[in-house]
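Breakdown of the fold
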Amino acid sequence: MDWLYTFSGFIVGFVVGVTGVGGGSLMTPVLVLMFGIAPATAVGTDLLYASLTKMGGSWVHGRRGTVDWKVVKLLAMGSLPAALLSMALLHYLALDEKHLKSLITSVLSVALLLTAAALLFKPYLIKLGRRPDGVMFELHAHHLTGATILTGAILGVLVTISSVGAGALGVVVLLFLYPRAPMARIVGTDIAHAVPLTLIAGLGHAALGTVNYGLLGSLLLGSLPGIYLGSHLGIKVPDQVLRPILATMLTVIGVKLMLY
């Protein structure tokens, strides 16, 4: 079974490298639907997996200067307390396996459908902030700070419970909040913010005993070369082709999880 986990890690890593969509949108559903891993264990393992795989990407973007550390700080001000509160609530509720499975799969399915919508309508959402004459709609600096912190808090809850949200969903919201920022800076900022968020949430799951370290090692063994190869191929695949295919796939998975 270990080699199947490694192979799945490679495929998911490859797709993440090609599309840039967060691995949680793909890895957690694969573990739950294909391998029958308990949702809580799938989420906890995937969170640590995401934090380790995104550290390299964050370092590269940091070296290139494509990370807005002020925005990362604002996002973290919302997401890290939200992640800690979410973990504390899960610990306090002490849900049995059936109810915990229901909670996680419900949040996961909603997060996947939101991610699919974000992918599909990303160009239209970006245009909402731009007028035909080229003038951009931007929030006042005071409101922008609060909106960024609130965005972080929402992502913190979604990521902690489902491991999904720090990828395409985060990028689309940041594009809307910061329409003047270059795409590379938006992506770099999103990745840099995802590292502490997924690490804190993953460690919280580890404290609850919902991390499978053997599974984590097998996934990393396949995903790291997969991401490397996918990232080199990604520039050759048109975004107009990738977005609808991936959005459709995530929608199907989200609906299946609702019925799981």
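Structure's up top.
Residues numbered from 1 in each chain as written. Predicted model: local features only at pLDDT ≥ 70, side-chain atom pairs only at ≥ 80, totals over all residues. Heavy atoms only, no water.

Another aspect to go through is the overall build of the protein chain. Summing up its helical and strand segments, the protein chain has 10 helices and zero strands in all. Along the protein chain, helices and strands appear, N-terminal first, in the series α-α-α-α-α-α-α-α-α-α. The buried share among the 260 residues of the protein chain stands at 49%. Contacts in the protein chain between residues at least 24 apart in sequence constitute 84% of all its contacts with a sequence separation of at least 6. With an accessible surface of roughly 12600 Å², the protein chain has 71% of that area assigned to carbon and sulfur atoms. (Helix = DSSP H or I, 4+ residues; strand = E, 2+ residues; numbered from the N terminus. Buried < 20%, exposed > 50% of the residue type's maximum accessible area, 1.4 Å probe, protein only. Contact = heavy atoms within 4.5 Å. Areas by Shrake-Rupley, 256 points an atom, 1.4 Å probe, with all protein chains shown as cover.)

Once that is clear, we can look at the nonpolar core. What tends to happen in soluble globular proteins is that the nonpolar side chains get buried as a cluster. Ranked by internal contacts, the top residues of the largest apolar core, which has 46 residues, are V12, L31, I37, Y49, L112 and L219. Tallying contributions element by element places helix α5 (residues 97–127) first for this core, with eight residues. If we ignore the near neighbours within four places in the chain, the residues touching L219 are Y5, G9, M27, L31, T45 and Y49. (Core = buried A, V, L, I, M, F, W, Y, C linked by side-chain atoms within 4.5 Å.)

Below, the discussion takes up a nonpolar patch on the surface. Judged by side-chain polarity, V110, L114, V255, M258 and L259 come together as a nonpolar surface patch covering roughly 470 Å² of accessible area. Only α5 and α10 (239–258) provide two or more residues apiece to the nonpolar patch. The residue M258 is located in helix α10 in this model. (Patch = residues over 30% accessible without salt bridge, like charges linked within 9 Å, V, L, I, M, F, W, Y side chains within 5 Å. Salt bridge = Lys/Arg side-chain N within 4 Å of Asp/Glu carboxyl O.)

Describing two packed helices takes the angle between their axes plus the distance from one axis to the other. Two elements in contact, helix α3 (residues 39–64) and helix α8 (residues 183–208), have axes separated by 7 Å at closest approach and are oriented at 140°. One finds that α3 runs oblique with respect to α8. Here α3 runs over α8; the crossing is left-handed. When grouped by side-chain class, the residues that make up the contact of α3 with α8 number 15 nonpolar, nine polar and one charged. (Axes fitted to C-alpha atoms, helices over the stretch in contact; angles between N-to-C directions. Parallel < 35°, antiparallel > 145°, perpendicular 65-115°, else oblique. Left-handed = near helix turned anticlockwise from the far one by under 90°. Nonpolar A, V, L, I, M, F, W, Y, C, P; charged D, E, K, R; others polar.)

Below, the discussion takes up the environment of I104. With respect to the secondary-structure elements, I104 resides in helix α5. For I104 and A38, which are 66 residues apart along the polypeptide, the C-alpha to C-alpha distance reads 9.9 Å. Ignoring any residue separated from it by four or fewer positions in sequence, one finds I104 in contact with P39, A40, V43 and I161.

The subject of this paragraph is the packing of aromatic side chains. A complete count under the given rule lists two aromatic pairs for this structure. Judged by centre distance (6.5 Å) and plane angle (20°), the ring pair of F10 and F14 falls under stacked. Of this pair, F10 and F14 both sit in helix α1 (residues 2–19), separated by four residues, roughly a single helical turn. F10 gets classed as partly exposed once you look at its relative accessible area, which sits at 27%. Judged by relative accessible area, which is 27%, F14 ranks as partly exposed. (Phe/Tyr/Trp six-rings, centres within 6.5 Å; stacked < 30°, edge-to-face > 60°.)

Without other data, these values stay purely geometric and don't point to any function.
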